[in-house]
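Listed below are the residues making up each chain.
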Amino acid sequence: MAALFVGLPRLLSSTAGPERATGEFLHAVIDGDVETVLAHVEDAPDASAAALTAQVVAEAHDQLESFEIQHVEVTSDTARVTVALNTGTARSEAIFTLTATDAGSFSPLAWELAPVALPEFVIDVPFGAQEVGINGVSFPVAELGLTGVPYESRIMVQLLPGTYEISLPESRRWLEAEPIALEAPPTFRTWRKPVHGLQHTLAEDGLQEVQHQIDAALEECATDTSSAPEGCPFAVPDPSKPAAPEPAASEADGPEGPSTNTASQGTWTLTDPPRVEVHPGDSFLWMVHGEGTAEFTPDDLSAEDPATDGGVQDEAGAAAAITVPFEVDGTVTIDGDGELAVALRSTASFSYAYCVDEETGHFDGVVVIDDAEVTSSSWDACG
């Protein structure tokens, strides 16, 4: 008996094969089917997919709304599918690559998507931050951190196309955390964006407390009868001495407070107290600056007193007030106990130390240390 072997052609799927696989993936993106999406997402070595959850995706805006297959190119067991994407606010084009596997002579080719890249964000977070919120869902920073860099104050996350909101928890008094929008474009290729500015800011009660402490410090300075109060931002200039040149940026200034002269006695009046501006410095550390005006009225017009030499007399022959414009600079810190403190200072350099909770090991505050006063015990200032 002779056996007859007949070679049958392989049953190929039509171009709808790769088209269908691509469409199923994009429908999963539109429907928020995170499980299906994750099965096809590229495993980024230094980015986390932890934020790809149904709850996060459900709260996103400007997500993928529709798509249109524009072109399918099949070459042997590889296909390229070109798709037009639409989010309602943006349009773009994406190309998906697929490979085919042969399931047998009587079976069509099975098309499978190559791993798909998602938009990635590299986000600076404050040093010591333990959690961040994405669309209201809290994530430990350790889950989103850069792989192999445990102390790096950055995170990298993968997100589906859409607009998300990331924020820090409002952990204590004086602080608030302004959220930042993360706008992931409609793309499925390598795309990364750095994000800066995620930090705690002083809330309104914190700003009021800063101004209150500045006002109290200046009022205390104004009770001093010296024309050059020690440690205060205002002093009557000495007309017998030329103005000192500005120090180089790398040089430390002199002692705290403006340069002083041979002091006379008199009365200070704050005629235009400064309204300070607060600028971020570091985690739990801010810088303050303001400009104001004070007046110093000498007790007499002694010709030997440089503070009143050449001073002005009023009609009665008494010493007239001397107008003294001044600038106030300082630091604002919140320590491990949550106490807000303002320190007036000149442009003299200073150092600061991070405070760490002994029980949790978490960073929870800052204390400022004057460089001129640093000793071996200064770094125990956190308590």
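Just so you know, these numbers come straight off a predicted model, no measurement behind them. (Residues numbered from 1 in each chain as written. Predicted model: local features only at pLDDT ≥ 70, side-chain atom pairs only at ≥ 80, totals over all residues. Heavy atoms only, no water.)

Some remarks on the overall build of the protein
Logical step 1: The number of helices and strands found in the protein is 5 helices and 20 strands.
Logical step 2: For the protein, the proportion of its 383 residues judged to be buried stands at 38%.
Logical step 3: Taking the contacts inside the protein whose residues are at least 6 apart along the sequence as the reference set, 64% of them involve residues at least 24 apart.
Logical step 4: Just so you have it, the protein exposes about 21,100 Å², and 49% of that area is on carbon and sulfur atoms. (Helix = DSSP H or I, 4+ residues; strand = E, 2+ residues; numbered from the N terminus. Buried < 20%, exposed > 50% of the residue type's maximum accessible area, 1.4 Å probe, protein only. Contact = heavy atoms within 4.5 Å. Areas by Shrake-Rupley, 256 points an atom, 1.4 Å probe, with all protein chains shown as cover.)

What about the sheet that holds strand 7 (residues 137–140)?
Logical step 1: Read from one edge of the open sheet, 4 strands run 7-6-9-11, paired in antiparallel fashion. The open sheet has two edge strands with one neighbour each: strand 7 and strand 11 (180–184). Looking at each pair of strands side by side, their axes are set apart by 30° on average, direction ignored.
Logical step 2: Where strand 9 (residues 162–167) lies against strand 11, 5 bridges are found, and the strand directions are antiparallel. Following the sheet pairing, glutamate 165 is matched in strand 11 by alanine 181. (Pairing = 2+ DSSP bridges. Axes fitted to C-alpha atoms, helices over the stretch in contact; angles between N-to-C directions.)

Overview of the nonpolar core
Logical step 1: Among the nonpolar cores identified, the biggest contains 51 residues, and Phe25, Phe96, Ile123, Val132, Tyr164, Ile166 and Phe188 are the most heavily contacted of them.
Logical step 2: Top element by residues in this core is helix 1 (residues 16–31). It accounts for 5 residues.
Logical step 3: Those residues in contact with phenylalanine 188, other than ones at most four positions away along the chain, are Phe25, Leu26, Val29, Leu85, Ala94, Phe96, Val116, Ala117, Leu118 and Pro161.
Logical step 4: Core analysis: the second largest hydrophobic core is formed by 28 residues, Cys232, Val332, Ile334 and Val366 among them. (Core = buried A, V, L, I, M, F, W, Y, C linked by side-chain atoms within 4.5 Å.)

Some words on the side chain of threonine 333
Logical step 1: Structurally, threonine 333 is set in strand 17 (residues 322–334).
Logical step 2: Look past the residues within four positions of threonine 333 in its chain and what remains in contact with it is Phe284, Leu285, Glu339, Leu340, Ala341, Val366 and Val368.

Observations concerning the sheet that holds strand 2 (residues 78–86)
Logical step 1: Strand order in the open sheet formed by 4 strands is 1-2-3-4, and the pairing between neighbours is antiparallel. The two strands at the open ends of the sheet, each matched to only one other strand, are strand 1 (66–75) and strand 4 (110–113). Within this sheet the neighbouring strands show an average axis-to-axis angle of 30°, counted without direction.

Concerning the pairing of strand 16 (residues 285–298)
One face of the sheet, then the other: side chains in a regular strand alternate in exactly this way.
Logical step 1: Two strands pair when backbone bridges link them, and strand 14 (residues 266–272) and strand 16 are joined in this way by 6 bridges, in the antiparallel orientation. Opposite tryptophan 268, over in strand 16, you have phenylalanine 296 as the bridge partner.
Logical step 2: Relative to strand 16, strand 15 (residues 277–282) is paired through 5 bridges, and the arrangement is antiparallel. Paired with valine 278 across the strands is valine 288, a residue of strand 16.
Logical step 3: Following strand 15, the chain reverses through 2 residues before pairing antiparallel with strand 16; phenylalanine 284 in that reversal takes a positive phi of roughly 60°.
Logical step 4: With 12 bridges joining them, strand 16 and strand 17 adopt antiparallel strand pairing. Bridged to histidine 289 within strand 17 is aspartate 329.

A few points about unusual backbone geometry
Logical step 1: The phi torsion at aspartate 62 lies on the positive side, around 55°, for a residue other than glycine.
Logical step 2: Position of aspartate 62 among the secondary structure elements: in the loop between helix 3 (54–58) and strand 1.
Logical step 3: For phenylalanine 284, which is not glycine, the phi torsion reads 60° and is therefore positive.

Let's talk about the side chain of glutamine 158
Logical step 1: Structurally, glutamine 158 can be placed in strand 8 (residues 154–158).
Logical step 2: A distance of 3.3 Å separates a polar atom in the side chain of glutamine 158 from the backbone oxygen of glutamate 42.
Logical step 3: Setting aside anything within four residues of it in sequence, one finds glutamine 158 in contact with Val41, Glu42, Ala44, Ala47, Ser48, Ala49, Leu52, Leu118, Pro119 and Glu120. (Polar contact = N/O pair within 3.5 Å; in protein donor to acceptor, adjacent residues only side chain to side chain.)

Concerning the environment of alanine 228
Logical step 1: Its location among the elements puts alanine 228 in the loop between helix 5 (204–222) and strand 14.
Logical step 2: What makes alanine 228 buried here is its relative accessible area of 12%.
Logical step 3: Between the alpha carbons of alanine 228 and glutamine 265 there is a distance of 9.1 Å; along the sequence they are 37 residues apart.

Remarks on the pattern of salt bridges
Logical step 1: Within the structure shown, the criterion is met by 2 salt bridges.
Logical step 2: Salt-bridge contacts for arginine 192 lead to aspartate 46; the nearest nitrogen and oxygen are separated by 2.7 Å. Taken together, the residues span a long stretch of sequence, with arginine 192 in strand 12 (residues 192–195) and aspartate 46 in the loop between helix 2 (34–38) and helix 3 at a distance of 146 residues.
Logical step 3: The salt bridge partner of glutamate 120 is arginine 192, with a shortest N-O separation of 2.7 Å. Of the two residues, glutamate 120 sits in strand 5 (residues 120–124) while arginine 192 sits in strand 12, which places them 72 residues apart along the sequence.
Logical step 4: Take glutamate 120: its relative accessible area is 6%, and that puts it in the buried class.
Logical step 5: Accessibility expressed as a relative area gives 44% for arginine 192, which makes it partly exposed.
Logical step 6: Beyond isolated ion pairs, a larger network of salt bridges with shared partners links Asp46, Glu120 and Arg192. (Salt bridge = Lys/Arg side-chain N within 4 Å of Asp/Glu carboxyl O.)

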